[in-house]
2 protein chains.
Amino acid sequence: MTRLLLLGAGRSASSLIQYLLRYLAAEDWHLTIADVNPAPLQPILAPYGERAQAVAFEIGQQERLHELVAAHDVVISMLPALFHPLVAKACLQHQRHLATASYATEEIRAFEAEARAAGLTFLMECGLDPGLDHMSALPVIEEIRAQGGRLTSFKSYCGGLMAPDSEGDNPWRYKFTWNPRNVVVAGQGTARYIEGGRPRFIPYQHLFRRVERLAVPGYGEFEGYANRDSLGYRPLYGLDGIPTMLRGTLRRPGYCAGWAALVALGLTDDSYRLGNAAGLTWAELIESFLPSAAPGEPLAGRVAAYLRLDPTGEEMQRLNWLGLFTTEPVGLPDATPAQLLERLLTARWQLQPQDHDMIVMQHLFEYLPADGGAVQRRTSSLVVIGDDAVHTAMAKTVGLPLGMAVRRLARGEVAHRGVVVPVHADVYAPILQELAQEYGIEFVESEHALA
Amino acid sequence: MTRLLLLGAGRSASSLIQYLLRYLAAEDWHLTIADVNPAPLQPILAPYGERAQAVAFEIGQQERLHELVAAHDVVISMLPALFHPLVAKACLQHQRHLATASYATEEIRAFEAEARAAGLTFLMECGLDPGLDHMSALPVIEEIRAQGGRLTSFKSYCGGLMAPDSEGDNPWRYKFTWNPRNVVVAGQGTARYIEGGRPRFIPYQHLFRRVERLAVPGYGEFEGYANRDSLGYRPLYGLDGIPTMLRGTLRRPGYCAGWAALVALGLTDDSYRLGNAAGLTWAELIESFLPSAAPGEPLAGRVAAYLRLDPTGEEMQRLNWLGLFTTEPVGLPDATPAQLLERLLTARWQLQPQDHDMIVMQHLFEYLPADGGAVQRRTSSLVVIGDDAVHTAMAKTVGLPLGMAVRRLARGEVAHRGVVVPVHADVYAPILQELAQEYGIEFVESEHALA
């Protein structure tokens, strides 16, 4: 018997839980799910009798965390990444393995030596991004290398979007399948990448204006903006000398230009409070970001002029669709602009029960073949559509790789110790195989010579 | 005998020291100047014999600070504002009065009750801005109020610039007379002010594009951008209900549009390190902020296109004059963009020994007169020209009001206790009078009815 502890059962955990339950009996697992709100889990776990239980747990409860960790063999955490150092510490103290879908941050890597010495595996970055990105890029990199090819460019994009049937009349073609706050403050700071051997920097104000167009056969066009740090991935992938490397986030065409307008207005700023009343209207809020004007000048026209946008263009249509120029109250007193924008978008971009989300990931490799021929471009693309508003594509692509990693860890099939990310073929190959065979989650590749 | 301690004898302290020395014998003062580099002060103080001494003191020396404070009656601090809470604490412990030209921050105001109970005066904001701004605005506000007028708008601008004879061929018409770093990071965050009863916010990216034109008779045109917080001054001036209030910084016309281009490029960002070599050229640095382009495309043209500027316009001329498109090395390894810009500007905008700087302050009041007549605009302007590169207008306007405040404090003529700023007529009136009579530092007023 292996005792599994899952900390946190939020939105993204549904498919992970389903996966763990699927193998509960076959793997002789006992599963405890510890969440701030365990009640909704009871009916799901009831059919599994003593093998599965849901218990109440709040993140602040340090003693309870230690009790729970001590009473299990493998700890899976879906808590916010912020709390993982605390969880890792408890795992170290009670000598338990850990698996998460979060980044192996500096704080987590600080446990490397101790975890390794204790024979523990802290398996990080086993979700979608980070997770499936590594697992799917590395076999291609390995294959090109094995054939004597030399990689000159690697760009990798991922996005959590809506399936075409669920975009509706929303001109942003976007709804929240993830933490809305993270979407609102996405990209703040300066993005850095490397192109043609030269470092490049994109200040936040330009980020959503400097997008690359991509196409995924059968799913149409997308645009990608650069993630904050594309350079840290070079050593991880053994690509230290690669001239071009960029990681980015995918949106549907036009989203980024619209978002750039929200950024330029100042609506994504989370650094100060407005001192506003909850009854302030959206039009009044928008007005407070503009220079004064002659009385009676329409607000939307002032915004277009201020941002140098076509008054009837797509950007203004998107802003208008959000209701920025209406008398709707902002609804929160003394908030930051980002908090008010998040509140508005949460209403506008809410996933409906019948909606299907869509995960898109695309890797673009360029390499010089060993035979000295023309530069080859290989494209590797994944599209996953959600089943419904619970088993979203997001929940599946985050939860299934993590569940599969846990299954191998629990079986003793992961030999690596210390802080581990899935860049090893013995870790990722069986997961890729299971995703393809059992769930149809599979990358489609194409290759052609560049002119 | 009164024992005065001056902490810090940097660039802005020259006129303060001259003032204190002028009254040394007449006021029966003993003056100790404590600075990290006391040697250059020795020849200046030598003629004053035992009455004046310069001693070595570094900011980190806590014990030494306490010794010095304990051995004097009034402490004057020209240290960076950051250290004033430490200085205030020492003053409290040893029961000494304090005078500075820095803001009465929350941290300093926290000493209010204790200082008051101990019968001490912590006289803050006695320089130029803050300082002379309060001292000069308040008599006008009081006068309008005494006549039954109702203030509807108060805008106040101040800038440390170059006298017309010293601008040379520098198209920015600006040189550093103050901490260069503060100029480079000026305005970061979001500026807030109130206009027509409505709060207004200006995100940093727009700040230098939203300027107001002003004229000072005899000195030509200026432009002003909004300071970070104009609202905190309302209670200080008894103007809580005023519909329009803005404080701003003055530059010569065109400076702000050029600076906005530096901001848009990302060169004022101090939040991350570039990982660059010291030998990186300015052209390479600028290139790293641009999207890639066809080989051979001229850099300046790419920048103009990227920032949507006229390639031969004034903004591009200003950028070009700075040498942004040259092979000059940036000169500092692994620096922030702001550090590199500061280094470049320090070379380009260096005050020459024969240069004269110029302080400009202008208050713009609008009020409804008691008789119900047309709205009146009163303009109150000050221009001070520096004597030379030591007794700059900056040093005079910061140091003389502070010296005069200290003289009154040492004489026991300041009755206010606790944390005090010069908004009281009994504090500011004698200072304004002395500035005008002894130094010709005087505001010129004009008034007319608005159409």
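Keep in mind that this is a model prediction, so the values were computed, not measured.

What counts and how
Residues numbered from 1 in each chain as written. Chains lettered and ligands numbered in written order. Predicted model: local features only at pLDDT ≥ 70, side-chain atom pairs only at ≥ 80, totals over all residues. Heavy atoms only, no water. Helix = DSSP H or I, 4+ residues; strand = E, 2+ residues; numbered from the N terminus. Rg over C-alpha atoms; globule rule 2.2 N^0.38 Å. Buried < 20%, exposed > 50% of the residue type's maximum accessible area, 1.4 Å probe, protein only. Lys, Arg positive; Asp, Glu negative; His and termini not counted. Charge placed at Lys NZ, Arg CZ, Asp CG, Glu CD. Pairing = 2+ DSSP bridges. Least-squares fit on C-alpha atoms with pLDDT ≥ 70 in both. Contact = heavy atoms within 4.5 Å. Phe/Tyr/Trp six-rings, centres within 6.5 Å; stacked < 30°, edge-to-face > 60°. Patch = residues over 30% accessible without salt bridge, like charges linked within 9 Å, V, L, I, M, F, W, Y side chains within 5 Å. Areas by Shrake-Rupley, 256 points an atom, 1.4 Å probe, with all protein chains shown as cover. Salt bridge = Lys/Arg side-chain N within 4 Å of Asp/Glu carboxyl O. Domains from an automatic or database assignment. Buried area = accessible area lost by both parts, 1.4 Å probe. Axes fitted to C-alpha atoms, helices over the stretch in contact; angles between N-to-C directions. Parallel < 35°, antiparallel > 145°, perpendicular 65-115°, else oblique. Left-handed = near helix turned anticlockwise from the far one by under 90°. Nonpolar A, V, L, I, M, F, W, Y, C, P; charged D, E, K, R; others polar. Arc of directions from axis to C-beta. Polar contact = N/O pair within 3.5 Å; in protein donor to acceptor, adjacent residues only side chain to side chain.

> Requested: an account of the overall build of chain A, with residues and values cited.
In terms of regular secondary structure, chain A is built from 17 helices and 16 strands. Computed over the C-alpha atoms, the radius of gyration of chain A is 23 Å, within 12% of the 22 Å expected from 2.2 N^0.38 for a compact globule of 451 residues. Along the longest, intermediate and shortest principal axes, the C-alpha atoms of chain A span 75 × 60 × 40 Å. Taken across its 451 residues, chain A has 57% of its residues classed as buried. Counting 39 positive and 50 negative side-chain charges, chain A places the centres of these two groups 3 Å from one another.

> Now, about the environment of G440(A): what can you tell me, with residues and values included?
Residues and elements named next belong to chain A. Inspection of the secondary structure puts G440 in the loop between α17 (425-439) and β16 (444-449). Among the residues examined, G440 registers a relative accessible area of 54% and is labelled exposed. Along the backbone, G440 and V384 are 56 residues apart, and their C-alpha atoms lie at a distance of 8.7 Å.

> If you had to explain the pairing of strand β9 (residues 198-203) of chain A to someone new, which residues and values would you point to?
Residue and element names in this part refer to chain A. By the bridge criterion, six bridges tie strand β8 (residues 190-195) to β9 in an arrangement that is antiparallel. Following the sheet pairing, I194 is matched in β9 by P199. Here β8 folds back onto β9, and the loop between the two strands holds two residues, one of which, G196, carries a positive phi near 60°.

> Can you tell me about the relation of the copies chain A and chain B, naming the residues and giving the values?
Rotating chain A by 180° and moving it 0.1 Å along the rotation axis overlays it on chain B with an RMSD of 0.0 Å. What the superposition gives is, in effect, a two-fold axis relating one chain to the other. By C-alpha distance to the rotation axis, the residue of chain A lying nearest is Q205(A), at 3.8 Å. Interface residue correspondence from chain A to chain B reaches 100%, placing this contact among same-surface, isologous pairings.

> Break down the packing of aromatic side chains for me, with residues and values.
Inspection of every chain in the model, using the stated rule, returns 36 aromatic pairs over all chains. Between F289(A) and F201(B), the aromatic rings sit 5.8 Å apart at their centres with planes inclined by 40°, giving tilted as the arrangement. Here F289(A), found in the loop between α12 (282-287) and α13 (299-306), pairs with F201(B), found in strand β9 (residues 198-203), and the two come from separate chains. Pairing Y204(B) with F208(B) gives two aromatic rings, centres 6.3 Å apart and planes at 80°, and the pair type is edge-to-face. By the burial criterion, Y204(B) is buried, and F208(B) matches it.

> Tell me about a positive patch on the surface, residues and numbers included.
On the surface, a cluster of positive charge is contributed by R209(A), R308(A), R209(B) and R308(B). Along the polypeptide, R209(B) turns up in the loop between α9 (204-207) and β10 (212-216).

> Any chance you could break down the domain arrangement of chain A for me, citing the residues and the numbers?
For chain A, the domain assignment lists domain 1 (2-127 + 395-439) and domain 2 (273-335). Each of domain 1 of chain A and domain 2 of chain A has a C-alpha centre, and the two are 45 Å apart.

> Describe the interface of chain A and chain B, and please don't skip the residues or the numbers.
In this complex, chain A contributes 28 residues to the contact, which on the side of chain B involves 28 residues. Of the roughly 2,500 Å² buried between chain A and chain B, counting both surfaces, carbon and sulfur atoms make up 43%. Among the residues of chain A in contact with chain B, R200(A), F201(A) and R308(A) are the three that bury the most area, contributing 21% of the side total. Where chain A meets chain B, there are four salt bridges.

> Mind laying out the packing of helix α11 (residues 255-265) of chain B against helix α14 (residues 314-322) of chain B, listing which residues take part and the relevant values?
Residue and element names in this part refer to chain B. With their axes 9 Å apart at the nearest point, α11 and α14 run at an angle of 65° to one another. In this view, α11 runs roughly perpendicular relative to α14, as classed from their interaxial angle. Crossing geometry of α11 relative to α14 is assigned as right-handed. Across from Y255, A257, G258, A261 and L262 in α11, the residues of α14 making contact are E315, R318, L319 and L322. Split into classes, the residues belonging to the contact of α11 with α14 amount to six nonpolar, one polar and two charged.

> Hey, could you go over the environment of A81(A) for me, with residue numbers and the actual values?
Residue and element names in this part refer to chain A. Turning to its location among the elements, A81 is positioned in the loop between β4 (74-77) and α4 (84-94). Note on A81: relative accessible area 46%, which makes it partly exposed. Distance in space between the C-alpha atoms of A81 and L6 is 14 Å, their sequence separation being 75 residues.

> I'd love a proper account of the sheet that holds strand β15 (residues 418-420) of chain B, names of residues and values included.
Residues and elements named next belong to chain B. Spatially, β3-β2-β1-β4-β5-β6-β15 is the arrangement adopted by the seven strands of the open sheet, whose pairing is parallel. Each end of this open sheet is capped by a strand with a single partner; those strands are β3 (52-56) and β15. Strand-to-strand twist in this sheet, taken as the mean axis angle between neighbours without regard to direction, amounts to 20°. Taken together, the four bridges between strand β1 (residues 2-7) and strand β4 (residues 74-77) define a ladder with parallel strand orientation. Considered in β4, the bridge of L5 is made with V75. The strands touched by helix α4 (residues 84-94) within the sheet are β1, β4, β5 (97-100) and β6 (121-123), with β5 carrying the most contacts at an inclination of about 160°.

> Outline helix α14 (residues 314-322) of chain A, supporting the account with residue identities and numerical values.
What sets the pattern is the α-helix's 3.6 residues per turn: residues three or four places apart point alike. Residues and elements named next belong to chain A. All of the buried residues in α14 are M316, R318, L319 and L322. Angularly, the buried residues of α14 cover 160° about the axis, an arc narrow enough to put them on a single face. Elements that come into contact with the buried residues of α14 comprise α11 (255-265), α13 and α15 (337-348). Positive backbone phi, approximately 90°, marks G323, located one or two places after α14.

> Break down helix α1 (residues 14-22) of chain A for me, citing the residues and quoting the values.
Among the nine residues in α1(A), seven count as buried, and that is most of the element. Buried residues of α1(A): S14(A), S15(A), L16(A), I17(A), Y19(A), L20(A) and L21(A), and no others.

> Could you give an account of the side chain of H391(B), naming the residues involved and the relevant values?
Residues and elements named next belong to chain B. As for its position among the elements, H391 is in the loop between β14 (376-385) and α16 (393-411). Relative accessible area serves as the criterion here: at 14%, H391 is assigned to the buried category. For H391, the side chain forms a polar contact with the side chain of S15, separated by 3.3 Å. Setting aside chain neighbours within four positions, we find H391 in contact with S14, S15, Q18, G386 and K396.

> Can you tell me about the pattern of salt bridges, naming the residues and giving the values?
Residue and element names in this part refer to chain A. Counted by the stated rule, this structure contains 60 salt bridges over all chains. The salt bridge partner of D28 is R51, with a shortest N-O separation of 3.0 Å. A residue pair is termed long-range when its members are at least 10 positions apart, and D28 in the loop between α1 and β2 (29-35) and R51 in the loop between α2 (42-45) and β3 (52-56) qualify at 23 residues. Taking relative accessible area as the criterion, D28 reaches 30% and is therefore assigned partly exposed. Judged by relative accessible area, R51 falls into the partly exposed class, the value being 24%.

> If you had to explain unusual backbone geometry to someone new, which residues and values would you point to?
Residues and elements named next belong to chain A. D129 connects to P130 through a cis peptide bond whose omega is 20°. Residue placement: P130 occurs in the loop between β6 (121-123) and α7 (132-146). Here Q95, not a glycine, exhibits a phi torsion of approximately 60°, which is positive. By the element assignment, Q95 lies in the loop between α4 and β5 (97-100).

> So, the sheet that holds β6(A): which residues are in play, and what are the values?
Residue and element names in this part refer to chain A. Read across the open sheet, the seven strands follow the order β3-β2-β1-β4-β5-β6-β15; overall the sheet is parallel. Looking at the sheet topology across the chains shown, the edges are occupied by β3 and β15 (418-420). Here the average twist between neighbouring strands, direction ignored, is 20°. Against the sheet, helix α16 (residues 393-411) contacts β1 (2-7), β2, β4, β5 and β6, and its axis sits at roughly 165° relative to β5.

> Tell me about the pairing of strand β12 (residues 244-251) of chain A, and name the residues and values.
Residues and elements named next belong to chain A. In terms of residue burial, β12 counts as a mostly covered element, since eight of its eight residues are buried. With burial as the criterion, each face of β12 is covered, one bearing T244, L246, G248 and L250 and the other bearing M245, R247, T249 and R251. Here strand β7 (residues 150-162) pairs with β12 via six bridges, running parallel. Paired with K155 across the two strands is L246, which belongs to β12. In the sheet, strand β11 (residues 220-226) pairs with β12 via four bridges, with the strands oriented antiparallel. Directly across from G224, in β12, lies its bridge partner L250.

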